[in-house]
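# Residue-level structure breakdown
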Amino acid sequence: MAFAAAVDAGDFSTAANLLAPDCEYRAPGVTLRGRDVVIQRLAADWNALGAEYDDVRRDSELELDSGDAATLLRTEYLVKAGGGFERRRYRWEITVDVARQVVRVVNWGADDLK
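### As for the packing of aromatic side chains
For the structure shown, the criterion picks out 2 aromatic pairs. Judged by centre distance (6.1 Å) and plane angle (75 degrees), the ring pair of F12 and W46 falls under edge-to-face. Remark: W46 occurs in helix α3 (residues 35-52) and F12 occurs in helix α2 (residues 12-17); sequence separation between them is 34 residues. Looking at R74, its charged tip hangs above the ring of W92, at a distance of 3.9 Å from the centre.

Written out as structure tokens, the structure is:
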């Protein structure tokens, strides 16, 4: 899915172009609405990980695609100099409209798999 690939690459300009203006983002304890707010949150999360870890890689795997909705398994690989390593996995449910713009992202949170 193009939106997830853009987020995985840190390409928030492309990701923003794939979001509907009134898109919704939900994560545990968080509900955001609006393209700019959602992109700001995703970019802030990206930047926070980049400040904490020396190497951050993301990968999204499509688990289910029903046409207007998809479920992705997202994996973050986080490395600190000196040997610290974490792997976190998330499930995202992404819903698109008839124009194929993302209208909703539900982030089910991380399961740490160290």
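The structure having been displayed, the exposition proceeds.
### Thoughts on unusual backbone geometry
Within the chain, R100 stands out as a residue other than glycine whose phi angle is a positive 70 degrees. You can see R100 is positioned in the loop between β5 (84-96) and β6 (102-112). Residue classification places R100 among the partly exposed residues on the basis of a relative accessible area of 49%.

Definitions and cut-offs
- Residues numbered from 1 in each chain as written.
- Predicted model: local features only at pLDDT ≥ 70, side-chain atom pairs only at ≥ 80, totals over all residues.
- Heavy atoms only, no water.
- Phe/Tyr/Trp six-rings, centres within 6.5 Å; stacked < 30°, edge-to-face > 60°.
- Helix = DSSP H or I, 4+ residues; strand = E, 2+ residues; numbered from the N terminus.
- Lys NZ or Arg CZ within 6 Å of the ring centre and 35° of its normal.
- Buried < 20%, exposed > 50% of the residue type's maximum accessible area, 1.4 Å probe, protein only.

Geometric values such as these leave the question of function open.
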